[in-house]
Amino acid sequence: EEEDGAASGEAKTKSAVAKEMKEQRAALRLALLAKAAALAPSFDTLLVTAAGSGDQGGAPDTDLQPAQQATSASQAAFVGAVRAMKQWVPGPEALEGDEDRDLLARTLGAYELARGRSGAALAVLRARLKAQPASSAGRSGDSGGAGLLVDQCAGLYAAIGLDHWREYTENQALRDFPVATPPLD
């Protein structure tokens, strides 16, 4: 009987340790995601680069070199943070909430744009938009992450010259989530 009691106590201890470790992994994943998201450059800045309008050609301006060095240092910190995050967050399934999954998609989209891979960024954003449950999806301009996803996806379409897809995405968002107008008194 003592062996049964000891085995039961050991199983409870293992269960408690496993639960604690799961909570710690979840907290680490969220912390790494928050760090990468905080270091992410502005999506609009990345869109300018993706559109090719950030490259003016010609001789570099010496006044801009310190700013460019600071930008490359911050971009290197962002890329490092995303790489560290990807070791612990293999995909959106590793995160629990829809808001966190939206943030992951926006962060990975910015990461791909920073690497000059606009097609991969578009794939990440579209995959998240497709995977969203209907109740959490939002239209452009909402305060939620889904509205930002639609805005970023549409902006990326425009930046790479797919204006017809940008227009379609915006119209789809307006059709699925019409703008609410207050009733007239």
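Residues numbered from 1 in each chain as written. Predicted model: local features only at pLDDT ≥ 70, side-chain atom pairs only at ≥ 80, totals over all residues. Heavy atoms only, no water.

Novice: How do you make sense of the packing of aromatic side chains when you look at a structure like this?
Specialist: Across all of its chains, the model carries 3 aromatic pairs by this definition. Their ring planes at 80° and their centres at 5.8 Å tell us that tryptophan 165 and tyrosine 168 sit as a pair that is edge-to-face. With tryptophan 165 and tyrosine 168 both in helix α7 (residues 163-176) and 3 residues apart, this pair spans about one turn of that helix. A residue is classified by how much of its surface remains accessible, and tryptophan 165, at 35% relative accessible area, is partly exposed. In this structure tyrosine 168 comes out as partly exposed when scored by relative accessible area, which is 46%. An aromatic cluster of three or more residues is present, and its members are Tyr157, Trp165 and Tyr168. (Phe/Tyr/Trp six-rings, centres within 6.5 Å; stacked < 30°, edge-to-face > 60°. Helix = DSSP H or I, 4+ residues; strand = E, 2+ residues; numbered from the N terminus. Buried < 20%, exposed > 50% of the residue type's maximum accessible area, 1.4 Å probe, protein only.)

Novice: Quick question: what am I supposed to make of the pattern of salt bridges here?
Specialist: A side chain with one charge may pair with a side chain of the opposite charge, provided their charged atoms come close. Applying the stated criterion across every chain, the model contains 7 salt bridges. The closest approach of N and O atoms between lysine 14 and glutamate 10, which form a salt bridge, is 3.5 Å. Of this pair, lysine 14 and glutamate 10 both sit in helix α1 (residues 2-39), 4 residues apart, which is roughly one turn of that helix. Two residues, aspartate 102 and arginine 128, come together in a salt bridge whose shortest N-O distance is 2.7 Å. Taken together, the residues aspartate 102 in helix α4 (residues 98-114) and arginine 128 in helix α5 (residues 118-131) connect sequence positions 26 residues apart. We note that aspartate 102, like arginine 128, is buried. (Salt bridge = Lys/Arg side-chain N within 4 Å of Asp/Glu carboxyl O.)

Novice: Looking at this structure, how should I read the nonpolar core?
Specialist: Val82, Met85, Leu104, Leu113 and Leu156 are the most contacted members of the largest nonpolar core, which totals 29 residues. Put simply, the parts of the chain that give this core at least two residues each are α1, α2 (43-51), α3 (65-88), α4, α5 and α6 (145-159). Among the elements that make up this core, the one with the highest residue count is α4 (7 residues). If we skip the residues at most four places from it in the chain, methionine 85 touches Leu32, Leu33, Ala36, Leu104 and Leu108. (Core = buried A, V, L, I, M, F, W, Y, C linked by side-chain atoms within 4.5 Å. Contact = heavy atoms within 4.5 Å.)

Novice: So what exactly am I meant to see when it comes to the confidence of the model for the protein here?
Specialist: The predicted structure's coordinates, where accompanied by low pLDDT, should not be read in detail. Taken as a whole, the protein shows an average pLDDT of 81; of its residues, 78% reach a score of 70 or greater. Scored below 50 in pLDDT, residues 53-67 shows 3 contacts in the model against residues more than four places distant or in partner chains. Counted against residues more than four places away or in other chains, residues 138-143, with its pLDDT under 50, gives 15 contacts. (pLDDT = per-residue confidence, 0-100.)

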